[in-house]
Amino acid sequence: MLGDSSNLQVGEFVAAIGNPFDETGSMSVGIISGLGRSLRSQRVTEDGGRYTLPQVIQTDAAINPGNSGGPLLNMDGEVIGVNSAILTETGVNSGVGYTIPVNAVKRIAPALIADGKYTYPFIGIRMLTLDIALQEELGLAQTEGAYVTNVTPDTPADEAGLIGEEGPGGDLIVAIDGQPIHTSDDLISYLVFETIVGQTVDLTVIRNNEETIIPLTLGERP
């Protein structure tokens, strides 16, 4: 049975099942160590960026090579995620494992079954999360938002007229469809969990210290 990864809490007990080191049907137990993590793809885009999967679950349940693709279960036996990766310097579990949230699986799996693929919504920007030092350097009035550093040509962002700059002058996205954007991860999370290709979203942008709303029609991620 599938659970709901939006209701999880740090400290909740979980169990990981998989085949670590070819030991079939192994189970390890731990807790949820963190929520809302971001997992960067190993795939590099044409402009040197990387895609990111948001809302990833961090667990200290032992996850080793062979666990990937196995379920992470809560204590009610519900699947709350799919084990995906570990952070390690030795190649084996170091107490930090990452699990794709089941709510992402619910969106992606039906498309994979029906069409053999899933297409993520796509804007076509590179962005960063601000801190106080960057805020001062870029001359912005706030640290909250996703700062656009680059707009890829011939993408939805380019067509919508978004502006990206490595230095001062880039757009600061502070909301999407009225939902506040505090960090770049918030924007990625909304796109992955709340939108589909072809949908038009309203981006609230601060440009030259003035707030404006820019409609943008989402494309297909390459």
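Keep in mind that this is a model prediction, so the values were computed, not measured.

What follows deals with the pattern of salt bridges. Tallying each qualifying case throughout the model produces one salt bridge. Of the charged contacts, one joins R207 and D171 as a salt bridge, the two residues approaching to 2.7 Å between their closest N and O atoms. Within this pair, whereas R207 is found in strand 12 (residues 200-207), its partner D171 is found in the loop between helix 3 (156-160) and strand 10 (172-176), the two being separated by 36 residues in sequence. The class of R207 is partly exposed, set by a relative accessible area of 22%.

With that out of the way, let us pick up the side chain of T149. Following the sequence through the fold, T149 ends up in strand 9 (residues 146-151). Accessibility expressed as a relative area gives 9% for T149, which makes it buried. Discounting residues that sit within four places of it in the chain, T149 has contacts with R126, M127, L128, G164, E165 and E166.

Let us now look at a nonpolar patch on the surface. A contiguous nonpolar patch, built from F13, M27, V29 and M75 and spanning about 470 Å² of accessible area, is present on the exposed surface. A relative accessible area of 55% places V29 in the exposed class.

Glancing now at the packing of aromatic side chains. Each aromatic ring pair is described using two quantities: the centre-to-centre distance and the angle formed by the ring planes. The final tally for this structure, using the stated rule, is one aromatic pair. Both rings, one in Y118 and one in Y120, keep their centres 4.9 Å apart while their planes meet at 90°; by these two values the pair is edge-to-face. Residue classification places Y120 among the buried residues on the basis of a relative accessible area of 18%.

Let us now look at the environment of R40. Inspection of the secondary structure puts R40 in strand 2 (residues 26-44). Once the C-alpha coordinates of R40 and P54 are considered, the two residues, 14 residues apart in sequence, prove to be 8.7 Å apart.

This next bit is on helix 1 (residues 102-115). Over its 14 residues, helix 1 runs 20 Å from end to end, which matches the ideal 20 Å to within 8%, given 1.5 Å per residue. Where helix 1 bends most, at I108, the angle is about 30°, and the proline P110 comes one to four residues later. Buried within helix 1 are the following residues: V102, N103, A104, I108 and A111. Downstream of helix 1 by a residue or two, G116 has a phi angle that is positive, lying close to 80°.

Counting through the fold element by element, G170 comes out in the loop between helix 3 and strand 10. In this structure G170 comes out as buried when scored by relative accessible area, which is 7%. Counting along the chain gives 23 residues from G170 to Y147, while the straight-line C-alpha distance between them is 6.7 Å. Ignoring any residue separated from it by four or fewer positions in sequence, one finds G170 in contact with Y147, V148, I163, G164, E165 and I206.

Of all hydrophobic cores here, the largest spans 19 residues; its most connected members are I123, I125, L162 and L187. For this core, the secondary structure elements donating two or more residues are strand 9, strand 10, helix 4 (184-194), strand 12 and strand 13 (210-217). For L162, the residues in contact, after removing those within four places along its chain, are I123, I125, V151, A157, D171, L203, V205, R207, I214 and L216. Counting nine residues, the second-largest nonpolar core is a separate cluster that includes I32, I63, L72 and I80.

Turning to the side chain of T155, a few remarks are in order. As for its placement among the helices and strands, T155 is situated in the loop between strand 9 and helix 3. Among the residues examined, T155 registers a relative accessible area of 5% and is labelled buried. For T155, the side chain forms a polar contact with the main-chain oxygen of T152, separated by 2.6 Å. Residues contacting T155, with those up to four places away along its chain left out, are F122, I123 and G124.

Count 3.6 residues to each turn of an α-helix, and residues three or four apart come out pointing the same way. For helix 4, a buried count of eight out of eleven residues is recorded, marking the element as mostly surrounded by other parts of the structure. Where helix 4 is concerned, the buried positions are S184, L187, I188, S189, Y190, L191, V192 and F193.

Cut-offs applied
Throughout, residues of each chain are indexed from 1 in the direction in which the sequence is written. This being a predicted model, a pLDDT of at least 70 is required before a residue's local features are given, and a value of 80 or more before pairs of side-chain atoms are given or counted; all residues contribute to the totals for chains, interfaces and linings. The basis for every side-chain value is the complete set of non-hydrogen atoms in the structure, without hydrogens or water. The term salt bridge refers to a side-chain nitrogen of Lys or Arg lying within 4 Å of a carboxyl oxygen of Asp or Glu. The way it works is that DSSP assigns letters per residue, a run of H or I at least four long becomes a helix, a run of E at least two long becomes a strand, and they are numbered from the N terminus. Type-normalised accessible area, obtained with a 1.4 Å probe on protein chains alone, sets the label of each residue: buried when under 20%, exposed when over 50%, and partly exposed for intermediate values. Throughout, a residue-residue contact means that at least one pair of heavy atoms, one from each residue, lies within 4.5 Å. Note that patches include only residues with greater than 30% relative accessible area and no salt bridge, and the join distances are 9 Å for like charges and 5 Å for nonpolar side chains (Val, Leu, Ile, Met, Phe, Trp, Tyr). Here, Shrake-Rupley sampling with a 1.4 Å probe gives the accessible areas, and only protein chains in the shown set may cover a residue. Two aromatic rings from Phe, Tyr or Trp, using only the six-membered ring of Trp, form a pair when their centres are within 6.5 Å; if the ring planes differ by under 30 degrees the pair is stacked, by over 60 it is edge-to-face, and anything between is tilted. Between the first and last residue of a helix there are one fewer steps than residues, each counted as 1.5 Å, and that sum is the expected span. The quantity called bend is, for any residue, the angle between two axes fitted respectively to the seven residues ending at it and the seven beginning at it. To define a nonpolar core, start from buried Ala, Val, Leu, Ile, Met, Phe, Trp, Tyr and Cys residues and group those joined through side-chain atoms within 4.5 Å. Definition of a polar contact: a pair of N or O atoms within 3.5 Å, with one able to donate and the other able to accept a hydrogen when the atoms are protein atoms, and with sequence-neighbouring residues admitted only if both atoms are side-chain atoms.

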